[in-house]
Amino acid sequence: MYDFTSSFVKNPDLLVHLFIYPSYLGINGDEMPEKRIKSEWSAKNPFPTVISDNYVLNGAGSRKETRHIVFDLGDSGLDYKSGDALGVVPRCPPELVEEILSICVFSGEEEVETHLGTCTVREALTNRYEIHRVSKKWIKGLLERSGETPGQAEIRIVGRRRYSSTDGSLILDWKSEEDGDFPDGYVEIGDFGDNSAILLHELISDPDSMEDYIWSRDYVDALADFGSIGFSPQQLLEGMNRLKPRLYSIASSPDFEQGTVHLTVAIVRYSHHNRERTGLCTGYMADRCETNSSQVGVYMSPTRSFVLPEDGSKDIIMVGPGTGIAPFRAFLQQREIDSSSGRNWLFFGDWTEEGEYLYRDEMEDWKKRGIITRQDLAWSRQGDEKVYVQHLMEKNGEEIWSWIENGAYFYVCGDKQYMAKDVHATLIEICVKFGHMSPVEAKDYVETGLMKTEKRYLRDVY
Ligand SMILES: Cc1cc2nc3c(=O)[nH]c(=O)nc-3n(C[C@H](O)[C@H](O)[C@H](O)COP(=O)(O)OP(=O)(O)OC[C@H]3O[C@@H](n4cnc5c(N)ncnc54)[C@H](O)[C@@H]3O)c2cc1C
Ligand SMILES: NC(=O)c1ccc[n+]([C@@H]2O[C@H](COP(=O)([O-])OP(=O)(O)OC[C@H]3O[C@@H](n4cnc5c(N)ncnc54)[C@H](OP(=O)(O)O)[C@@H]3O)[C@@H](O)[C@H]2O)c1
């Protein structure tokens, strides 16, 4: 039986969402209704549950795989509000675990010490470390270890292959033809005198090579390159990243979807070195969790700030392309069930309307019934022009400004690196143009006034 208590590892992402504090619920501790009492389930002690529904949201022919995944909350007592996130504890792919054990010639039953206590090496590789991406620390640790190799081994290089980490194409396929020949560029530098030493030297001395190497490789790849060093089960684990839970913005309102919690998940899939790979948690949920059967550890990660206005008559503007739609589905469900009178304006976008209009039927129904007051859709790979949400914001700048002037809340969810920055800049430009401010004043109005003082520019970006 999987020990859920042993799987928590510190994750900086978790700082984004904190445990429930009565103050932000607008009530003091004494008045806290029973329903809101902090659950016993947490990142350290996740609730073991099942996925009760799991289906692809994309249209036929889409090159994306975005899934709607529903977890059953059963008798956990877990509660949440629209805007919160769910923590999911993944497990490593069993076939990858077995392949590593087989390469190292371990039975899997060998005992090892980990940050969470003693366990078998199979359990450590399954539930305690991230084995789908090799870590820099593990590689760096090899340098010290390579010197430890007992005795002097005579090694003859009989072949060497290298693949491009960008497209997986074969860039070197060298085979030895006679005793004593070496691949081009070979230099004898280490005691464990095969190409592992050259590669290790290159990775340690060149940070770009290191990044490039770890970006596309797991421990099966790394053991093919460095297995000659030799590992005990304990040595194998040294420097591996500890397994971390992943957070997902919740896509449901607890009042609308009672007893369940819904997610909108972009499945990470890619191919490197002729092997298909997935992100750890998205691959786990998409491929390895059987609906209504496999046990998955989950916990709530409440937000203190990304919440609907207490006053339901306030207007809201929501900008959430791609999986950024998740909390806005929750918000719309909540505004519907609360019969909030405020207007709801949604900016959504993705590649194409045909393939990636997530929750089309629900959104169209909300539009028809006036729950979505305004909707602007940005399709980035449809037609000649790239249309992004901020382009549609620009087009509607005057009206956005009038909503904001009228006290509307402005929410952004999704990609932090590019989208959220561009949306932020566009919001400032709108204030310059229609609020008649200088760029400096507009920046201050958005970043201090809206964000910090009035707390009506709120972001859930990752
Ligand atoms: C507060 C918060 C809310 C979030 N909400 C959502 C949400 O609602 N929906 C959602 O889908 N995600 C959400 N995320 C992101 C989510 O937590 C995970 O990071 C994401 O699902 C990937 O996890 P994974 O374990 O599958 O991938 P990991 O195993 O962690 O791998 C992801 C990494 O794979 C790498 N990668 C991607 N493509 C390639 C490639 N071709 N080659 C090599 N490496 C590659 C990237 O570096 C990426 O960082 C949220 C994150 C936070 C912090
Ligand atoms: N930081 C993160 O970890 C993070 C955050 C978000 C998404 N992702 C990853 O990205 C993949 C898909 O995620 P997703 O489905 O949520 O979609 P997404 O990649 O965020 O894309 C959604 C839409 O946003 C567009 N977009 C790209 N750059 C933009 C910009 N600067 N401004 C505004 N819009 C922009 C995309 O267009 P084009 O693609 O046509 O340019 C697409 O139409 C997943 O693998 C997910 O894990 C990672």
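Keep in mind that what you see is a predicted model, and the values were worked out from it rather than measured.

Peer 1: Summarise the sheet that holds strand β2 (residues 51–56); cite the residues concerned and give the values.
Peer 2: Read from one edge of the open sheet, 3 strands run β2-β3-β10, paired in antiparallel fashion. Looking at which strands have only one partner, the edges of the open sheet turn out to be β2 and β10 (260–266). With strand direction ignored, the average angle separating the axes of adjacent strands in the sheet is 15 degrees. As paired strands, strand β3 (residues 66–72) and β10 are joined by 7 bridges and run antiparallel to one another.

Peer 1: Describe the site of ligand 2, with residues and values.
Peer 2: The environment of ligand 2 is made up of 23 residues, and the closest members are A266, G322, T323, S380 and Y418. Within the residue set of the shell around ligand 2, elements represented by two or more residues are β15 (344–350), α12 (389–395) and α14 (419–434). Grouping the constituent residues of the shell around ligand 2 by class yields 9 nonpolar, 8 polar and 6 charged.

Peer 1: I'd like a description of the pairing of strand β9 (residues 246–249), backed by residues and values.
Peer 2: Alternating residues of β9 divide into R246 and Y248 and L247 and S249, and every residue in both groups is buried. Pairing geometry for strand β4 (residues 85–89) and β9, over 4 bridges, is antiparallel. Within β9, the position partnered with L86 by the bridge is Y248.

Peer 1: Tell me what's going on with the nonpolar core, and back it up with residues and numbers.
Peer 2: Core analysis: the biggest nonpolar cluster contains 99 residues, and L86, I250, I317, M318 and Y411 have the highest contact counts within it. When residues of this core are assigned to their parent elements, the largest contribution, 7 residues, is made by α14. With residues up to four places along the chain from it excluded, the contact list for M318 reads F328, F331, W345, L346, F347 and Y411.

Peer 1: Quick one: what's the story with the environment of F71, residue by residue and with numbers?
Peer 2: The topology assignment puts F71 in strand β3. The sequence separation of F71 and S52 amounts to 19 residues, and the corresponding C-alpha distance is 5.6 Å. When neighbours within four sequence positions are excluded, F71 is seen to be in contact with T49, I51, S52, L86, T260, V261 and V298.

Peer 1: Mind laying out the site of ligand 1, listing which residues take part and the relevant values?
Peer 2: In the vicinity of ligand 1 there are 24 residues, among which Y270, G279, C281, T282 and Y462 approach most closely. Among the elements of the structure, β9, β10 and α8 (280–288) are those that each provide at least two residues to the shell around ligand 1. Residues of the shell around ligand 1, tallied by class, amount to 14 nonpolar, 8 polar and 2 charged. When residues of the shell around ligand 1 are sorted by domain, at least three fall in each of domain 1 (47–84 + 247–301) and domain 2 (94–150 + 193–237).

About the thresholds
Per-chain numbering applies: the sequence of each chain, read as written, is numbered from 1 onward. To read the labels, note that chains go from A and ligands from 1, taken in the order they are written. Totals for whole chains, interfaces and linings use every residue, but because this is a predicted model, local features are given only for residues with pLDDT of at least 70 and side-chain atom pairs only at 80 or more, for both listing and counting. Here, strands pair whenever DSSP counts at least two bridges between them. What counts as a helix is a DSSP run of H or I of at least four residues, what counts as a strand is a run of E of at least two, and both are numbered from the N terminus. Axis angles are defined between N-to-C directions and span 0 to 180 degrees, where every axis is a line fitted to C-alpha atoms and, for a helix, only to the segment in contact. Here, nearness means that the C-beta atom of a residue, built from backbone geometry, sits within 6 Å of the molecule or strand in question. Classification used: nonpolar for Ala, Val, Leu, Ile, Met, Phe, Trp, Tyr, Cys and Pro, charged for Asp, Glu, Lys and Arg, polar for all others including Gly. Exposure criterion: with C-beta atoms placed from backbone coordinates, a residue whose C-beta has 20 or more other C-beta atoms within 10 Å is buried, one with 12 or fewer is exposed, and one in between is partly exposed. In this usage, the nonpolar core is the set of buried Ala, Val, Leu, Ile, Met, Phe, Trp, Tyr and Cys residues whose C-beta atoms join them within 7 Å. We call two residues in contact if the C-beta atoms placed from their backbones are at most 7 Å apart. For every domain, the bounds stem from an assignment made automatically or drawn from a database.

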